[in-house]
Amino acid sequence: MTQYLLSVVTPSGGTGEHVQPPPEELEPIMARVAQLRSDMQEAGVWVFAGGLEAPSTATVLRPSGDDVLLVDGPFAEGKEYLGGFTVVDVPDLDDALDWGRRTVAAIGLPIEVRPFSW
Amino acid sequence: MSPLEEVFREVHGRAVAVLTRQLGDLDLAEEAVAEAYATAAATWPERGVPPSPAGWVITTARNRAVDRLRREAVGTAKLAELARLTAEPEVVEVGAVRDDQLRLLFTCCHPALAPEARVALTLRMVGGLTTAEIARGFLVPEPTMAARITRAKHKIARARIPYRVPSEADLPQRLASALAVVHLVGTEAHSPATGDLGVRDDLTADAVRLARLLVELVPGEPECRGLLALLLLTASRRPARVDDAGALVPLDRQDRSRWDRALVAEGQALVRACLRTGRPGPYQVQAAIAAVHADAPTWASTDWSQVVALYDQLPPTPVVLLNRAVAVAELDGPSVGLALVDRLDLDASPVLHAVRAGLLRRLDRVEDARAAYDAALARTRNTAEQADLRRRRAALS
């Protein structure tokens, strides 16, 4: 079995804040996500999942000699950011891609599928 | 190619396919097969080629892999591989080999790999070409091609692309990917985007060989036969496709008596078999169009209404619509064809501008035709194509 990270590639509005769909769209999305999660648990592949707060809430720690510097904000401003993720434990990439496909269907955003190396 | 190299190429796909399953590692399988070749190259010239070269290569490669795993057997994973390997029976049945070849093919053509990586990997693993040969065929430096293949192999291993025949539900989509890979090899052979060769005969032969393998491995899918027919009918025009000066000769001006009749006959027989099956698909339709051309003794006597009807069955991509417009121009005149061409969003294509130029010439719009040839010339790096365009431009007067 291999663990795969399914990352939700979330488009950035450039403000560091979430660009959230209106509540009437968000609600069915959250319902589908909850359903998918219980499907994953039932299939015995679900390891861990979470949605993240907006990039503006991030703090970056940088090595600085023997010291550590704190920087307010995300590591890098990008066109996309990691909005959330699920870790699944499945036999191979085809299974991971199947769950990834279902995640796309639930959320409507691109999903990056990447194997863990350890 | 030496006779020995030909044998290696012939057995490569089968040997790598069987060993990848047994070893659970594509890289290891490939290296073991390469070692077996080295042994063969040293011994066969003296002792002669064994009765079953593929069996010999597989057995020798497996022994090499076992030796190597024994030497390196420090981790439990390697020991597990070794256990699996020694438990494997010596004799491999034909049906099992076929399944292994399918596994290898579908792994190399996996949609999680970039299209150019699929093509390179398929030619390397299934087709048995060397990295240098593939690099030459696709006009990229050898280190670039080597890196592309290595990267693809690493992704297969690390992301765990499974070594198996796709499920019934996934098969159509996965087969489409494999067909597209083989078609791409054939397309690149027939009209390379760059370079000074009008036709690349080696790649054509490789594409045909891979298509034959697909027909053999997936006999129930008419699109495999359709692709093979398309490649054969395209290849049949090869003797007429480049003139003595090295310029490309377009279909309308080819000397059809030079077409390879044996390839035409095989291609047409396949098209007829597809028609009888009654489950058409894009490759079969394209092959049928090529068969209509092969039926006609001259460009002028082509059954254009049949060609248009067949193009209407294909997904209306800009390239399909362009070819359809050419046929419509023959049927309904150049101004009707031109109106269709001018509707297409295909400005980057040299073919579009060359077609426009030909239609404008027939409408006696010489200046416009000249400008269209210039546009076509500016968009191709293929010197054989450029030679043809310059000649047609000069003939405008």
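Above this note sits the structure.
If you're wondering where the values come from, they're calculated on a predicted model, not measured in any experiment. (Residues numbered from 1 in each chain as written. Chains lettered and ligands numbered in written order. Predicted model: local features only at pLDDT ≥ 70, side-chain atom pairs only at ≥ 80, totals over all residues. Heavy atoms only, no water.)

Just to check I follow, could you spell out the overall build of chain B for this structure?
Helices and strands together make up the secondary structure of chain B, namely 20 helices and two strands. Whereas a compact globule of 397 residues would reach a radius of gyration of roughly 21 Å, chain B reaches 24 Å, a difference of no more than 12%. C-alpha extents for chain B along the principal axes are approximately 80 × 40 × 40 Å. By the burial criterion, 51% of the 397 residues in chain B qualify as buried. If you take every contact in chain B between residues at least 6 apart in sequence, the share linking residues at least 24 apart comes to 63%. Accessible surface, chain B: about 18,400 Å² in total, of which carbon and sulfur atoms supply 55%. Mean positive and mean negative side-chain charge positions of chain B (51 and 50 charges, respectively) differ by 2 Å. (Helix = DSSP H or I, 4+ residues; strand = E, 2+ residues; numbered from the N terminus. Rg over C-alpha atoms; globule rule 2.2 N^0.38 Å. Buried < 20%, exposed > 50% of the residue type's maximum accessible area, 1.4 Å probe, protein only. Contact = heavy atoms within 4.5 Å. Areas by Shrake-Rupley, 256 points an atom, 1.4 Å probe, with all protein chains shown as cover. Lys, Arg positive; Asp, Glu negative; His and termini not counted. Charge placed at Lys NZ, Arg CZ, Asp CG, Glu CD.)

Even after reading the chapter, I still don't get the pattern of salt bridges, so can you show me in this structure?
Two side chains that carry opposite charge are able to pair once their charged atoms sit near each other. Residues and elements named next belong to chain B. All told, the structure shown has 29 salt bridges over all chains when counted by the stated rule. Between Glu 221 and Arg 279 there is a salt bridge; the shortest N-O distance is 4.0 Å. Of the two residues, Glu 221 is situated in the loop between α10 (201-217) and α11 (222-236) and Arg 279 in the loop between α13 (261-277) and α14 (282-295); the sequence distance between them amounts to 58 residues. Classification of Arg 279 by relative accessible area gives partly exposed; the value is 44%. For Arg 393, the salt bridge goes to Asp 374, with nearest N and O atoms at 2.6 Å. With a gap of 19 residues between them, Arg 393 in helix α20 (residues 383-394) and Asp 374 in helix α19 (residues 366-377) connect regions that are remote in the sequence. Looking at Arg 393, the relative accessible area reads 28%, which means it is partly exposed. Taken together, the salt bridges that share partners define one network made up of Asp 243, Arg 253, Asp 388, Arg 391 and Arg 392. (Salt bridge = Lys/Arg side-chain N within 4 Å of Asp/Glu carboxyl O.)

Please explain the side chain of B:Gln284 as it appears in this structure.
Note on placement: B:Gln284 falls in helix α14. Setting aside residues up to four positions removed in sequence, B:Gln284 forms contacts with B:Pro222, B:Glu223, B:Gly226, B:Cys274 and B:Arg279.

Looking at this structure, I do not really get the environment of B:Gln101. What am I missing?
Residue and element names in this part refer to chain B. By the element assignment, Gln 101 lies in helix α5 (residues 94-108). Judged by its relative accessible area of 11%, Gln 101 falls in the buried class. Placed 25 residues apart in sequence, Gln 101 and Val 126 show a C-alpha to C-alpha distance of 7.7 Å. Contacts of Gln 101, omitting those with residues within four sequence positions, involve Arg 14, Ala 17, Leu 213 and Leu 217.

Even after reading the chapter, I still don't get the pairing of strand β1 (residues 2-11) of chain A, so can you show me in this structure?
Residues in a regular strand project their side chains so that they alternate between the two faces of the sheet. Residues and elements named next belong to chain A. Sheet topology places β1 next to strand β5 (residues 80-90); 10 bridges connect them, and they run antiparallel. Bridge pairing in β5 places Leu 5 opposite Val 87. Looking at chain direction, β1 and strand β6 (residues 111-115) are connected through five bridges and run antiparallel. Paired with Ser 7 across the strands is Glu 112, a residue of β6. (Pairing = 2+ DSSP bridges.)

What's the story with helix α8 (residues 142-158) of chain B in this structure? I'm lost.
The α-helix advances 3.6 residues per turn, and as a result positions three or four apart in sequence lie on the same side. Residue and element names in this part refer to chain B. Taking 1.5 Å as the rise per residue, α8 with 17 residues should run 24 Å; its terminal C-alpha atoms sit 24 Å apart, in good agreement. Those residues of α8 that sit buried are Met 145, Ile 149, Ala 152, Lys 153 and Ile 156. Across the axial projection of α8, the buried residues extend over an arc of 95 degrees, all falling on one side. Of the exposed residues in α8, those oriented more than 90 degrees away from the buried face are Pro 143, Arg 151, Ala 157 and Arg 158. (Expected span 1.5 Å × (residues − 1). Arc of directions from axis to C-beta.)

Explain the interface of chain B and chain A here, please?
A common way to report how large an interface is uses the accessible area buried once the components associate. Across the boundary between the two partners, chain B contributes nine residues, which contact 10 residues of chain A. In total, about 740 Å² of surface goes out of reach between chain B and chain A, with carbon and sulfur atoms giving 45% of it. A per-residue breakdown of the area chain B buries against chain A is headed by B:Ala159, B:Arg160 and B:Arg164, which together make up 53% of the total. Run the count over chain B and chain A and you get three salt bridges. With its nearest N and O atoms 2.8 Å apart, the salt bridge here joins B:Arg164 to A:Asp92. Counting across the interface, chain B meets chain A through five residue pairs in polar contact (both at pLDDT 80 or more). When the residues that make up the side of chain B that touches chain A are grouped by side-chain class, the tally is four nonpolar, one polar and four charged. (Buried area = accessible area lost by both parts, 1.4 Å probe. Polar contact = N/O pair within 3.5 Å; in protein donor to acceptor, adjacent residues only side chain to side chain. Nonpolar A, V, L, I, M, F, W, Y, C, P; charged D, E, K, R; others polar.)

Can you walk me through the sheet that holds strand β2 (residues 46-51) of chain A in this structure?
Strand pairing in a sheet is mediated by backbone hydrogen bonds. Such pairs are either parallel or antiparallel. Residue and element names in this part refer to chain A. Spatially, β2-β5-β1-β6 is the arrangement adopted by the four strands of the open sheet, whose pairing is antiparallel. The open sheet has two edge strands with one neighbour each: β2 and β6. With direction set aside, neighbouring strand axes in the sheet form an average angle of 20 degrees. Along the sheet face, helix α1 (residues 23-43) touches β1, β2 and β5 and points at about 160 degrees away from the line of β2. Sheet strands in contact with helix α2 (residues 93-107) are β1, β5 and β6, and its direction is about 30 degrees off that of β1. (Axes fitted to C-alpha atoms, helices over the stretch in contact; angles between N-to-C directions.)

Looking at this model, I keep getting lost on the packing of helix α15 (residues 304-311) of chain B against helix α16 (residues 318-332) of chain B. Mind explaining?
Residues and elements named next belong to chain B. One way to put it is that α15 packs onto α16 with a least axis distance of 9 Å and a crossing angle of 155 degrees. Viewed along their axes, α15 and α16 adopt a mutual orientation that is roughly antiparallel. Read as a crossing pair, α15 and α16 show a hand that is left-handed. On α16, the residues touching Trp 304, Ser 305, Val 307, Val 308 and Tyr 311 of α15 are Val 320, Asn 323, Arg 324, Ala 327, Val 328, Glu 330 and Leu 331. (Parallel < 35°, antiparallel > 145°, perpendicular 65-115°, else oblique. Left-handed = near helix turned anticlockwise from the far one by under 90°.)

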